[in-house]
Amino acid sequence: MNNRIDKPFKTIDQQISILQSRNLLFHNKETATKNLERYGYYEIINGYKDNFMIDPSDDKKGFNEKRPKIPVF
């Protein structure tokens, strides 16, 4: 049984745009770009995003602005 969900490829700039649209703030966009290139979106964001989300079960609600920034960005 294949439970894999296929998602279209997103460039680093597209990934950053998605995160910005969900209210994620960046200390430094250049550092965010380098970290996404090095570690990948899944490892950084899905690894511990639940602590920063308004509703962890609904990504579209975005990041909680009252929480600290995710340190790698």
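Our subject is the structure listed above.
Keep in mind the model is a prediction, meaning the values are calculated, not measured.

## Topic: the overall build of the chain
What the chain contains, in helices and strands, is three helices and zero strands. The order of α-helices and β-strands along the chain, N terminus first, is α-α-α. The buried share among the 73 residues of the chain stands at 27%.

## Re the layout of surface pockets
Roughly 450 Å³ of volume is contained in the largest pocket. Surrounding the largest pocket, 16 residues form its lining, Lys7, Lys10, Arg22, Tyr41 and Asn46 being those nearest its centre. If you list the elements that add at least two residues to the lining of the largest pocket, you get helix H1 (12–21) and helix H3 (41–48). Element by element, the count of residues in the lining of the largest pocket is highest for H3, at four residues.

## Here we look at the environment of leucine 36
Considering the arrangement of structural elements, one finds leucine 36 in helix H2 (residues 29–39). For the pair formed by leucine 36 and isoleucine 12, sequence separation is 24 residues and the distance between their alpha carbons is 6.8 Å.

## Topic: the pattern of salt bridges
Taken as a whole, this structure holds two salt bridges when the rule is applied. Note that glutamate 30 is salt-bridged to lysine 34, the shortest N-O span being 3.3 Å. Pair noted here: glutamate 30 and lysine 34 are both in helix H2, with a separation of four residues, about one helical turn. Owing to a relative accessible area of 53%, glutamate 30 belongs among the exposed residues under this scheme. Ionic pairing is found between aspartate 55 and lysine 61, a salt bridge with its closest N-O pair at 3.4 Å. Under the relative-accessibility criterion, aspartate 55 is labelled partly exposed at 21%. On the basis of relative accessible area, lysine 61 is assigned to the partly exposed category, the value being 43%.

## Some thoughts on H1
Where H1 is concerned, the buried positions are Ile12, Gln15, Ile16 and Leu19. With its buried residues spanning 100° around the axis, H1 presents them on a single face. Opposite the buried face of H1, by more than 90 degrees, sit the exposed residues Asp13 and Ser21. One or two steps after H1, the chain reaches asparagine 23, where phi turns positive at roughly 75°.

The rules behind the values
Residues numbered from 1 in each chain as written. Predicted model: local features only at pLDDT ≥ 70, side-chain atom pairs only at ≥ 80, totals over all residues. Heavy atoms only, no water. Helix = DSSP H or I, 4+ residues; strand = E, 2+ residues; numbered from the N terminus. Buried < 20%, exposed > 50% of the residue type's maximum accessible area, 1.4 Å probe, protein only. 1 Å grid on protein atoms, 1.4 Å probe; cavity = no way out; pocket = protein on both sides within 12 Å on 5 of 7 lines; lining within 4 Å. Points joined across faces, edges and corners; volume = space filled by probe spheres on them. Salt bridge = Lys/Arg side-chain N within 4 Å of Asp/Glu carboxyl O. Arc of directions from axis to C-beta.

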